[in-house]
Amino acid sequence: MITNFILAPILIHMITAVLLLFFWQKVQAQKIISIVGNSIAFLLCIRLFIATQREGFLILQAGNWQAPFGITFVSDSFSSIMVLLTAIISLTVGIYSTAALHINRIKFGYFFIFHFLIMGLLGAFLTGDIFNLYVWFEVVIISSFVLLTLGGKKMQMEAGIKYVTMNMLASIIFLTAIGILYGITGTLNMADLSLKIAKVEHTGLVSVTALLFFIGFGIKSAVFPLYFWLPSSYHTPPSAIAAIFGGLLTKMGVYAMIRVFTLIFQPDEFMRNVFIAIAIMTMITGALGAINKRSIRRLISYLIVCHIGYLIAGIGIYTELAMIGVIFYLVHDVIVKSNILMITGIIQKIRETIDITRLGGLGKDYPKLSFVFAIALFSLVGIPPLSGFWPKIQFFGESLKTEQYFLLAAFILASFVTLFVIARLWTEVFWKESPKPITEKIDHFAGLNFWKKFALIAPITALSFVSLYIGFNADSVYEMAQKTAHELMNPSVYIEAVLHHKFAK
Amino acid sequence: MELLLVLLIGILYSAGIFLMLRRSMVRLLLGLLLLGNGANILIFLMGGLTKGKPPILGEDESAFTDAYADPVPQALILTAIVISFALTAFAIILLKKVYATTGSDDLDSLNIQDLDI
């Protein structure tokens, strides 16, 4: 179906961002505009999701230039899932930020950049043109640069250098790959590329281009050995910003990787082995990095790296069942990682520290909150029937079936380390007695008024409920993932929808 | 002409990577800039060099009969240049701020915070 509606969520975020510029320094007005904008975009994204699930494909040929000549926007099931996830995270983090962030950050344009970031993410998920994907990537990274360094603390600046350098390098590699791809095929539309790349005689050049894409997206999604910028930068910005970064930014790299390696390049034996080897190393190094960390944020940063390995491994196995696991895990991971990073922010507000040796007694002081936190933490571990359990079964089963025993071992090790780390976090932060007496002065949380508390807790509770829903209603999510995986593994449907669609007058 | 451009791209990429591996922050930035320019010229070259042919149809033509210049690579490069301009502007300010807060141009002096867990 041809529709302009596909651009609506992107436009809403852009309008919100521009509107916010007129309320520079007016904190209260900015908060309200941001929440309203987010809510409208959230409803539109839900509508887009439902429409896509019902119609199959929503397509917009920009300026009515028919594909492959114009820029195409496509919403297939995979895109619509990512759009829905982005909408959920953007709404919850947006509400959370109104209470969690220091007033000066909001004064100097936090919400303005936030909405541009979300706009870029939505654009990246919806575009069907490889160069346009590059442009959306750039919109996202320049917004993330500003968010990461906003505040100007020394630690943030130092992290900023690593983050900026690696992301710029990744963009250049991505651009190089696009240049070569254009040279050998003469098109930029992803559906058209898929057809043309099959006819290229020089297969060596195609493999090199595929590897360049893998490196570019690999840096962005933090896979071994190019992940080091992530743990050394994600712990520096405030927790609201870290929640978007941890939940969505690295997943954008994974999204692009899945898109490119199912639609444009079908990975051969060699490529799949590269994926699997890299995935094993990513899981092991991420898990080992997480073991000895005392700061919760650093610990979660390494877990992000570790769990990116699961997704890469799923792409590497490259069967439909493994792809179901990837989609399912992506849905679960985005929700849970953002949730945990927001929780970290609340813990920091309550105890002024996120060093787990200096924390303790939260379970006694805040029993209800701890229960909500527990849902998020144990979803991440994947204790049945919580949400992390189902995709992991899929991964274990598929790696056994395809006889990838090293991969299976890495999966088990990574899952075990995740369990160990989260269990330690739970006992140290919630069960253990607090190492020093808590005075009224330290607890910044108890002193907040009702609305601020509500703005902090409601997003976390909502996300916890979403992960409970994913866990207990796994069959419907599984069905959705199955449909998506089927579409991804049979790209001809996508190609047909994009290229042979007659414009309905 | 192609050979010249190939050599130029090679030089830009190798010089860029060499500079990025240095410890000085300014060289790191220069390296990124050279790499970006190299990528732009690569797109230009890969799009095919056509000398003296217009990329548009004449008034009385409905299809290209002769070889024509491909306008797409130039549009891509223009976009990439604008983007890299913005990124460079940001990166320069960031470097200046880092220099102001740490008082050092050495990238190794930034690793201190990674040592604590």
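In case you missed it, the structure is sitting above this.
What you are looking at is a predicted structure, and each value in this text was computed from that prediction instead of being measured. (Residues numbered from 1 in each chain as written. Chains lettered and ligands numbered in written order. Predicted model: local features only at pLDDT ≥ 70, side-chain atom pairs only at ≥ 80, totals over all residues.)

## As for the overall build of chain B
Quick note on the threshold: By definition, any uninterrupted DSSP run of H or I lasting at least four residues is a helix, any uninterrupted run of E lasting at least two residues is a strand, and each is numbered from the N terminus. Radius of gyration: over C-alpha atoms. The globule rule applied is 2.2 Å multiplied by the number of residues raised to the 0.38 power. Residues are treated as contacting if the C-beta atoms built from their backbones sit within 7 Å of each other.
Helix and strand counts for chain B stand at 4 helices and 0 strands. When the helices and strands of chain B are read in sequence order from the N terminus, they spell out α-α-α-α. In terms of overall size, chain B is more extended than a compact globule, its C-alpha atoms giving a radius of gyration of 20 Å where 117 residues would be expected to give roughly 13 Å. Taken over the C-alpha atoms alone, chain B extends approximately 70 × 25 × 25 Å along its principal axes. Within chain B, contacts between residues separated by at least 24 positions form 54% of all contacts whose residues are at least 6 apart in sequence.

## Description of the interface of chain B and chain A
Selection rule: Three categories are distinguished: nonpolar for Ala, Val, Leu, Ile, Met, Phe, Trp, Tyr, Cys and Pro, charged for Asp, Glu, Lys and Arg, and polar for the others, with Gly belonging to the last.
Each partner contributes to the interface: chain B provides 28 residues, whereas chain A provides 30 residues. When residues of the side of chain B that touches chain A are traced back to their parent elements, those giving at least two are helix 2 (25-46), helix 3 (72-102) and helix 4 (112-115) of chain B. In terms of residue count, the dominant contributor to the side of chain B that touches chain A is helix 3 of chain B (14 residues). The class makeup of the residues in the side of chain B that touches chain A is 20 nonpolar, 6 polar and 2 charged.

## Description of the environment of Asp106 of chain B
Turning to its location among the elements, Asp106 of chain B is positioned in the loop between helix 3 and helix 4. Measuring from C-alpha to C-alpha, the distance between Asp106 of chain B and Gly36 of chain B comes to 23 Å, with 70 residues separating the pair along the chain.

## Re the environment of Phe213 of chain A
Residues and elements named next belong to chain A. Rule in force here: Here the C-beta atoms are placed from the backbone, and a residue counts as buried if at least 20 other C-beta atoms lie within 10 Å of its own, exposed if 12 or fewer do, and partly exposed otherwise.
With respect to the element layout, Phe213 can be found in helix 9 (residues 203-220). Of the residues examined, Phe213 has 24 C-beta atoms within 10 Å and is grouped as buried. Through-space distance from the C-alpha of Phe213 to that of Met190 is 14 Å; in sequence the pair is 23 residues apart. Setting aside anything within four residues of it in sequence, one finds Phe213 in contact with Ala177 and Val260.

## Considering helix 2 (residues 27-55) of chain A
Operational definition: Expected helix span is computed as 1.5 Å times (number of residues minus one).
With 29 residues, helix 2 of chain A extends 41 Å between its outermost C-alpha atoms, agreeing within 8% with the 42 Å of an ideal straight helix rising 1.5 Å per residue. Once helix 2 of chain A finishes, Gly56 of chain A follows within two positions and takes phi at roughly 100°, a positive value.

## A look at unusual backbone geometry
Of all residues except glycine, most have a negative phi; of all peptide bonds, most are trans. Residues and elements named next belong to chain A. Omega for the bond connecting Phe224 with Pro225 falls within 30 degrees of zero, at -5°, which places this linkage in the cis form. Here the amide bond leading from Pro384 into Pro385 is cis, since omega sits at 5°, within 30 degrees of zero. Here Pro385 lies in the loop between helix 15 (367-381) and helix 16 (389-401). Backbone geometry places Tyr318, a non-glycine residue, at a positive phi of 60°. In this structure, Tyr318 sits in the loop between helix 12 (296-317) and helix 13 (320-351). Classification of Tyr318 by C-beta neighbours within 10 Å gives buried; the count is 21. One non-glycine residue with positive phi stands out, namely Glu403, at about 60°. Within the element layout of this structure, Glu403 appears in the loop between helix 16 and helix 17 (405-431).

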